[in-house]
Structures are given as C-alpha cells and as structure tokens.
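One letter stands for each residue in the lines below.
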Amino acid sequence: MPAVSVRPDSHHSDLQHSDLHHPDSPIPALPQEPRPDKLGRDWHVLFTASAVSVLGDGAFVAALPLLAAGYTRDPRLISGLTVAGTLPWLVFSLQAGAIADRTESRRLSIRAQGWQLICVLAVGLLAMDRGAGWGLAALYVLAFALGMAAALAKSASQPLMTSVVPRDRLISANGQLYTAQSVAKDFVGPALGAALFALTPTLPFWADAVTFAASMLLIARLPRSGAPAVLPGAGRRSLRADVKEGLTWLAHHRLLRTTTMLSAAANFGSTMGAATLVLYVGTHHYGVLLSIAAIGGVIGGLMSRAAVARLGGRVVARVCSSVTPVAGIGIGLFGPNLFVVAGLLAVVSMSASLWNVAVVSQRQRLVPPHLLGRVSSAGIMVMWGMQPLGALAGGLIASGFGLAAPWVVGGSLRIVASVLAIRPLREWQD
C-alpha cells in the first residue's frame with residue numbers, strides 16, 4: 001500500500017488561528033533540520049515495508065480480475081468489482097483522515113494492514129471453491145472491506161512519511177517510493193500474480209497475505225511516533241468537526257484544489273477503461289501487459305527528482321496532465337493491439353509517477369502537519385472517489401459501445417480538465 005523523530009507539538013503552537021482558515025497564507029517556517037546525506041534507518045524500514053506490501057498488491061490486482069472472469073464475462077459485472085473495491089475512497093476517506101490525525105501513525109498502519117491481511121486470506125479461501133454460485137457476490141463484499149482498510153492505511157501513510165523524512169528531502173523520498181511501487185506493484189507484482197494464478201488460483205492471495213504480514217513486522221520495528229498533537233479544544237470536537245476542518249482547508253487553497261480536481265479527472269477517465277481492460281486485451285495477456293506497461297512508471301519514478309529539480313514541479317505537472325489524456329485516447333483508437341496498448345500504458349504510467357512525486361511533495365510541504373491526514377484524505381476522497389464512478393461509467397459505456405469506447409471518452413474528459421486548469425497552475429511556486 002502506498003504507505004514513522006515525530007511531529008513536535010511546537011510545530012502546531014506556532015500556527016496562528018488565521019492559518020487554519022486561510023490556507024493560502026504563508027506557513028510558518030519549520031525548525032531548520034540538518035540536511036542528511038542519507039534518509040536514515042527509519043526511512044529505509046518504512047521504504048522496505050511499503051515495497052514488500054505493494055508487491056503483494058500487484059499480484060492481487062492481477063489475480064482478482066482473473067478470478068472474477070471465471071464467474072462472468074459481463075463487463076458490467078467485472079467493472080462492478082472495481083466499483084466495490086474503490087467505493088470506500090468515496091464514502092470513508094474523510095473519516096479515515098480524521099482518525100489518522102487522532103491516532104499514532106505506526107499503530108494505525110499496523111492495524112489497517114492486519115485488516116487487509118484477513119480480507120486477502122478470505123479471498124484465497126474463496127478461490128479454493130470457484131464453482132460457488134455466491135462467489136462473485138462474496139468478492140464484491142471482500143473488495144469493499146479491503147478498500148476500507150486501504151483508506152485507513154493510506155491516511156496513516158502521509159503523517160508516517162513526514163515524521164521520518166525532513167521536508168527538504170520529500171521529493172527525493174517520494175521519488176524513491178514511487179519507483180519502488182512501480183517496480184513492485186505494476187511490474188513484478190502483476191506478472192507474479194498472473195503466473196501464480198495459472199499454477200493455482202489461490203497462490204497469489206496467499207502471497208499477498210504473506211507480504212502484509214512482513215510489512216506489519218517491519219513497521220513494528222519503527223519507533224513510536226507518539227500521540228498526535230492536540231490543538232486547544234480538540235478533545236471536545238467531534239469527528240465531523242475534524243473532517244470539516246480538513247475539507248475547508250483544501251477547498252480554500254486554490255493550487256491544491258486544482259491539482260486535486262485534475263487527479264480526480266485523471267482517475268475517473270483512466271478507470272473507465274481500466275475496469276474492463278482484462279476483457280479488452282484478453283485474460284492470457286493481462287498480467288504480462290500490466291508488467292510491460294509498468295516500465296514507464298519505473299522510468300518516471302527514477303527521473304522524477306531530476307525532472308522536478310530541472311524543470312520545476314509546475315512544468316512537470318502541466319506536461320503530465322497534457323500527455324496522459326492523449327495516450328488514453330490512443331489506447332482506445334489503436335487497441336487492442338498489444339504492443340500499442342502496452343506502449344501507451346507505459347506513457348500513462350510514467351506520467352502518473354512524475355505527477356505523483358511533484359504533487360504529493362508539494363502537498364506535504366504546504367499543509368500544516370496537524371492537518372496533513374485530514375487534508376490528504378479529503379483530497380483522496382475527491383481523487384480516488386472518482387474510481388468507482390469511472391468504473392461504473394466505463395462498464396456501462398463498454399457494454400453499449402464496445403470495450404474501446406471508455407478509453408476515448410475518458411481521455412477526452414481529461415483534456416477538458418487540463419485546459420481548465422492552465423490558469424490556476426500558474427500559482428505553483430517551486
């Protein structure tokens with residue numbers, strides 16, 4: 001899962017009341033930290049835990065559609081599994097962020113991954129009896145439960161990251177993290193998952209469970225980050241009030257609001273096609289195709305630090321938001337030729353890595369530490385909450401107009417969003 005010294009209370013006491021309601025106002029400077037030559041032991045433990053966990057995720061992502069395709073070939077039902085798995089990002093992200101800002105990050109991350117481990121084991125047990133008439137319905141329920149746990153794990157990952165990485169090293173750390181995630185989740189994982197599924201349908205799910213257990217053990221080695229800082233009156237506030245504060249901060253920050261909406265449009269458009277990709281390219285080529293496409297993500301992660309340093313985050317973000325929609329349309333127009341689809345998916349994956357490093361690093365620098373969990377989860381709700389809606393729309397469009405149509409429609413919508421974002425992105429200060 002895209003995943004721990006501690007955020008001192010003094011960081012929070014330096015914030016003026018007006019900073020909470022006017023997010024474009026300058027953030028008080030944090031105490032200067034020595035610039036380390038290396039990111040340190042705690043970072044490497046967190047990095048390894050994330051890499052191990054997402055390796056299992058990659059195997060799971062490839063195996064789950066293959067398991068579902070054994071129950072049905074209806075694109076609406078196949079895309080419905082994506083809807084179930086991503087719906088928690090829409091309905092639970094805000095609550096997860098508020099919980100993350102109230103809970104010690106290491107403990108929350110371990111508990112969330114334990115929940116995921118149990119769900120994956122249940123999917124593995126289900127794969128042992130593929131003839132069960134209720135199997136697809138059970139997959140829907142388990143996919144939703146996994147999504148709930150993933151939302152908690154993702155919300156914990158932001159404060160976990162900033163507690164072990166100085167802010168002036170976030171671009172480097174995020175670049176390394178996204179490169180590892182691209183290699184593990186998008187390159188090695190899918191090929192491994194497809195190969196294990198071909199041997200025995202249960203194997204990729206047992207493997208995913210093992211990676212969750214390993215990740216939990218690694219995170220347990222991190223020092224306690226301490227209880228989150230408590231602002232005056234926070235103990236008397238409701239979870240709803242905490243959620244509202246994070247939403248309000250994001251809504252009033254024009255730049256972060258714009259990048260959030262661009263990410264939302266990207267997720268909506270890409271999920272329209274990705275939800276039925278297993279039918280578009282065929283089950284035999286699905287895992288290999290995802291691995292080939294992931295090469296772009298690896299390249300994007302490796303070059304992200306240099307690209308952002310040389311060109312600036314604003315230029316990187318604008319180029320990525322312009323190139324990716326065109327590649328998506330190309331997948332619809334020139335597919336299902338496997339070589340063309342693989343190449344264009346590699347472009348999409350590379351752009352996504354570059355975009356994520358630039359935008360996530362910017363958000364981690366701009367958002368006050370005590371609000372990071374809630375503001376991040378508010379953005380996640382908007383961005384990733386578009387995935388179930390995109391999957392639903394993609395399934396309906398594919399059913400009525402063919403499997404290529406969602407890629408063309410999704411790419412066209414993303415071009416419109418990119419044009420609308422040109423002026424707000426000028427506010428990006430590198």
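Residues numbered from 1 in each chain as written. Predicted model: local features only at pLDDT ≥ 70, side-chain atom pairs only at ≥ 80, totals over all residues. Heavy atoms only, no water.

> Could you clarify how one ought to interpret the overall build of the chain in this entry?
The helix and strand inventory of the chain stands at 18 helices and zero strands. The buried share of the chain, reckoned over its 430 residues, is 58%. Looking at the chain as shown, the accessible area adds up to about 17600 Å², and 66% of this sits on carbon and sulfur atoms. (Helix = DSSP H or I, 4+ residues; strand = E, 2+ residues; numbered from the N terminus. Buried < 20%, exposed > 50% of the residue type's maximum accessible area, 1.4 Å probe, protein only. Areas by Shrake-Rupley, 256 points an atom, 1.4 Å probe, with all protein chains shown as cover.)

> Help me out: how do you make sense of the packing of helix H14 (residues 313–334) against helix H15 (residues 338–366) in this one?
Between two packed helices, both the angle of their axes relative to each other and the distance between the axes serve to describe the pair. Taken N-terminus to C-terminus, the directions of H14 and H15 make an angle of 155 degrees; their axes are 8 Å apart at the nearest point. It follows from the interaxial angle that H14 and H15 lie roughly antiparallel. Judged by the twist between their axes, the crossing of H14 over H15 is left-handed. Only Val340, Val341, Leu344, Leu345, Val347, Val348, Ser351, Leu354, Trp355 and Ala358 of H15 make contact with H14, whose side of the interface consists of Gly313, Val316, Ala317, Cys320, Ser321, Val323, Thr324, Ala327, Gly328, Gly330, Ile331 and Phe334. Across the contact of H14 with H15, the residue classes break down as 16 nonpolar, six polar and no charged. (Axes fitted to C-alpha atoms, helices over the stretch in contact; angles between N-to-C directions. Parallel < 35°, antiparallel > 145°, perpendicular 65-115°, else oblique. Left-handed = near helix turned anticlockwise from the far one by under 90°. Contact = heavy atoms within 4.5 Å. Nonpolar A, V, L, I, M, F, W, Y, C, P; charged D, E, K, R; others polar.)

> Is there a simple way to explain helix H17 (residues 386–401) in this structure?
Along an α-helix, residues three or four positions apart point the same way, because every turn accommodates 3.6 residues. End to end, H17 covers 21 Å across 16 residues, agreeing with the expected 22 Å (1.5 Å per residue, within 8%). Turning to H17, its buried residues are Gln387, Pro388, Gly390, Ala391, Ala393, Gly394, Gly395, Ile397 and Ala398. Each element contacted by the buried residues of H17 is listed here: helix H4 (75–91), helix H11 (254–274), helix H16 (372–384) and helix H18 (405–420). (Expected span 1.5 Å × (residues − 1).)

> Would you explain a nonpolar patch on the surface in this entry?
A surface patch of nonpolar side chains, about 620 Å² in accessible area, is lined by Phe187, Val188, Leu192, Val288, Ile292, Ile295, Ile299 and Met303. If you list the elements that add at least two residues to the nonpolar patch, you get helix H8 (170–199) and helix H13 (283–311). Element by element, the count of residues in the nonpolar patch is highest for H13, at five residues. Looking at where Val188 falls in the secondary structure, it is placed in helix H8. Using a relative accessible area of 37% as the deciding quantity, one classes Val188 as partly exposed. (Patch = residues over 30% accessible without salt bridge, like charges linked within 9 Å, V, L, I, M, F, W, Y side chains within 5 Å. Salt bridge = Lys/Arg side-chain N within 4 Å of Asp/Glu carboxyl O.)

> It is not clear to me how the nonpolar core should be interpreted in this structure. Could you clarify?
The tendency in soluble globular proteins is for nonpolar side chains to be buried side by side. Val123, Leu139, Phe205, Leu277 and Leu345 are the most contacted members of the largest nonpolar core, which totals 40 residues. Of all elements in the fold, only helix H3 (41–69), H4, helix H6 (105–127), helix H7 (135–164), helix H9 (203–220), helix H12 (277–281), H13 and H15 reach the threshold of two or more residues within this core. The dominant element in this core, judged by the number of residues it contributes, is H7, at seven residues. With near-sequence residues (within four places) excluded, Leu345 lies in contact with Leu277, Leu289, Ala293, Ile331 and Trp407. (Core = buried A, V, L, I, M, F, W, Y, C linked by side-chain atoms within 4.5 Å.)

> Hey, could you run me through the pattern of salt bridges in this one?
Where charged atoms from two side chains of opposite charge approach closely, those side chains can pair. Inspection of the entire model under this criterion finds seven salt bridges. The partner of Arg102 in a salt bridge is Asp242, with the nearest N and O atoms 2.8 Å apart. Taken as a pair, Arg102 in helix H5 (residues 93–102) and Asp242 in helix H10 (residues 239–252) lie far apart in primary sequence, 140 residues in all. Note on Asp242: relative accessible area 5%, which makes it buried. Notably, a salt bridge pairs Glu427 with Arg254, separated by 2.5 Å at the nearest N-O pair.

> Is there a simple way to think about the packing of H17 against H18 in this case?
Packing of H17 against H18 brings their axes to within 8 Å, and their N-to-C directions diverge by 130 degrees. Relative to H18, the element H17 lies oblique. Contact with H17, carried on its side by Gly394, Ile397, Ala398 and Phe401, involves Ala405, Pro406 and Val409 of H18 and no other residues of that element. Taken together, the residues of the contact of H17 with H18 break down into six nonpolar, one polar and no charged.

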